[in-house]
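Working through the structure, step by step
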Amino acid sequence: MNVVYAIKCPCGKMYIGKTERKIKIRITEHKSRIRNENMTSPLVAHWKEARHTISQLRYFVIEQLLWIQTSRALDLQVTISTPVIQLKAGSHSLRYSFSFLSEPLTGVPQYSMVGYVDEVPIIGFTSESRRAESRALWMENVTDEQPKYWEERTVTFQEVELKLSNSLRDLMEQKNQVQDRHVLQMMLGCDLREDGSVKWFERFAYDGSNLTATLDPSSDTEDQGNSEKSSGCKKELKQLLKYGEESLLRRVAPQTRVSQRMSSDRAFLMGYAYGFYPRDIEVRWVRDGVEMPWESKELLPNPDGTYQVRTAVEVQEGDDVKTYEYHVNHSSLTEIVPVEYGKYTPLSGEEVELLSEVQGHVSLRGL
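Residues numbered from 1 in each chain as written. Predicted model: local features only at pLDDT ≥ 70, side-chain atom pairs only at ≥ 80, totals over all residues. Heavy atoms only, no water.

Tracing the sequence through the fold places His-327 in strand β18 (residues 324-329). The class for His-327 is buried, based on a relative accessible area of 13%. Here the side chain of His-327 touches Glu-325 through a polar contact of 2.9 Å, side chain to side chain. Other than its neighbours up to four places away in sequence, His-327 contacts Glu-282, Val-283, Arg-284, Val-286, Ile-336, Val-337 and Pro-338. (Helix = DSSP H or I, 4+ residues; strand = E, 2+ residues; numbered from the N terminus. Buried < 20%, exposed > 50% of the residue type's maximum accessible area, 1.4 Å probe, protein only. Polar contact = N/O pair within 3.5 Å; in protein donor to acceptor, adjacent residues only side chain to side chain. Contact = heavy atoms within 4.5 Å.)

Our next topic: the packing of aromatic side chains. With the rule as written, the count across this model stands at nine aromatic pairs. Among the aromatic side chains, those forming a connected cluster through ring pairs are Tyr-96, Phe-98, Phe-100, Tyr-111, Phe-125 and Phe-157. Cation over ring: Arg-95 sits above Tyr-116, and NZ or CZ is 4.1 Å from the ring centre. Lying over the aromatic face of Tyr-277, Arg-250 brings its terminal NZ or CZ to 3.9 Å of the ring centre. (Phe/Tyr/Trp six-rings, centres within 6.5 Å; stacked < 30°, edge-to-face > 60°. Lys NZ or Arg CZ within 6 Å of the ring centre and 35° of its normal.)

This paragraph deals with the nonpolar core. Judged by nonpolar contacts, the single largest core of 58 residues is most densely connected at Phe-98, Tyr-111, Ile-123, Met-139, Phe-157, Leu-240 and Tyr-326. Apart from the residues within four sequence positions on either side, Tyr-111 is in contact with Phe-98, Ser-99, Phe-100, Phe-125, Thr-126, Ser-127, Phe-157, Val-160, Glu-161 and Leu-164. Residues Val-3, Tyr-5, Leu-57 and Val-61 belong to the second largest nonpolar core, which totals twelve residues. (Core = buried A, V, L, I, M, F, W, Y, C linked by side-chain atoms within 4.5 Å.)

This part is about the confidence of the model for the protein. Averaged over every residue, the pLDDT of the protein is 76; residues scoring 70 or more account for 78%. The secondary-structure element of the protein with the lowest mean pLDDT is strand β4 (residues 73-80), recorded at 34, while helix α3 (residues 149-174) shows the highest, at 92. For the stretch residues 213-226, pLDDT sits under 50, and the model shows 23 contacts to residues farther than four places along the chain or on other chains. (pLDDT = per-residue confidence, 0-100.)

The tally for this structure, following the rule as stated, stands at nine salt bridges. Here Lys-48 ties to Glu-37 by a salt bridge, and the two come within 3.4 Å at their closest N and O atoms. Linking Lys-48 in helix α2 (residues 42-49) with Glu-37 in the loop between α1 (23-35) and α2, this pair joins segments that are eleven residues apart in sequence. Given a relative accessible area of 45%, Glu-37 falls into the partly exposed group. Of the charged contacts, one joins Arg-131 and Glu-133 as a salt bridge, the two residues approaching to 3.0 Å between their closest N and O atoms. With relative accessibility at 46%, the residue Arg-131 sits in the partly exposed group. Beyond isolated ion pairs, a larger network of salt bridges with shared partners links Arg-131, Glu-133 and Arg-135. (Salt bridge = Lys/Arg side-chain N within 4 Å of Asp/Glu carboxyl O.)

One open sheet accounts for four strands, arranged β15-β14-β18-β19; its pairing is antiparallel. Pairing within the sheet leaves two strands with one partner each, and these edge strands are β15 (290-292) and β19 (337-340). Put simply, the sheet's adjacent strands are angled 40 degrees from each other on average, direction ignored. Direction of pairing for β18 relative to β19: antiparallel, over a ladder of four bridges. Bridge assignment links Glu-325 to a residue of β19, and that residue is Glu-340. (Pairing = 2+ DSSP bridges. Axes fitted to C-alpha atoms, helices over the stretch in contact; angles between N-to-C directions.)

Turning to the sheet that holds strand β10 (residues 198-206), a few remarks are in order. Strand order across the open sheet formed by seven strands is β8-β7-β6-β5-β9-β10-β11, with antiparallel pairing between neighbours. Two strands lie at the open edges of the sheet, namely β8 (133-134) and β11 (209-210), each paired on one side alone. With respect to the sheet, α3 is in contact with β5 (92-101), β6 (111-117), β7 (120-126), β8, β9 (183-192) and β10, its orientation differing from that of β5 by roughly 50 degrees. In the packing of helix α5 (residues 228-243) onto the sheet, contacts are made with β5, β6, β7, β9 and β10, and the angle to β5 comes to roughly 110 degrees.

This part is about the environment of Thr-306. By secondary structure assignment, the location of Thr-306 is in the loop between β16 (296-301) and β17 (307-314). The class for Thr-306 is buried, based on a relative accessible area of 6%. The sequence separation of Thr-306 and Val-252 amounts to 54 residues, and the corresponding C-alpha distance is 8.0 Å.

Written out as structure tokens, the structure reads:
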């Protein structure tokens, strides 16, 4: 996974970078270079010249770049970093995420958009492609009922590009920051609940800071389906759910595994649930019937459209690992599944490779 991120300086300037590793690891490297005064880095040079401190370093993610499978082989998907919308079973969501940079950056589209149904990417647009494109195989069938779907979406996303460009320019002028690089982000869409009610949302961020109330004070209020925006979103979401019913409404049960790891003088149990769909899942560690605090929780997508999650719990000194259970609850299961150390679902070769890759990136001390 590639991540495009921004570091905000106390003086208002912004450094934008890209990494193929976890963002926390990259930020730790930046802090180390600042601490060691590695002047080969433009960021370090500025930090020293401006007399900033390491504690003043702030960052946020602009985009995540993922490789996904489509009928046209491998395509690059641009995903704006936005808060994940947690939904209950039976609920659904539709959201569009937009990002616009004040100036071009090598390897990163100046403008990008990704649309999601239930957190699954379905449509994308960038300033490089200049057209709306499918991000899910089943989306290529929408033209059976809407022949001009892709042409109409292309026009819409191009219009949004112009609006964001103008809004970003106006904000930079208002803040007297026209000389620096900045980013404007927008997320809009709706949540459809089990009872048929709908909530419309529209949020904005400038350089990672929320400014929704500044641009539209009423944009993040709950709506029961009476407004034009929410009713239109509800209609579109229902159509998309119909198109992608076989994929979006499927249920795939998670496979599970518990392993043990040591870090210095500390012992940890690592719980894994993988290959499940839909995305929402509840996992927890229990010892002798009492829920234990976790060291970490990380939910990641798999290339086949399913998900995986891992959590770590520290084994208390003197405890028998067999008194710990990893509890997994998912909509595909009829009941909560308790998993003990040494017991797991049999793995296929592909799953072993995937799990090994995930375990190879685990850093217990930094969780």
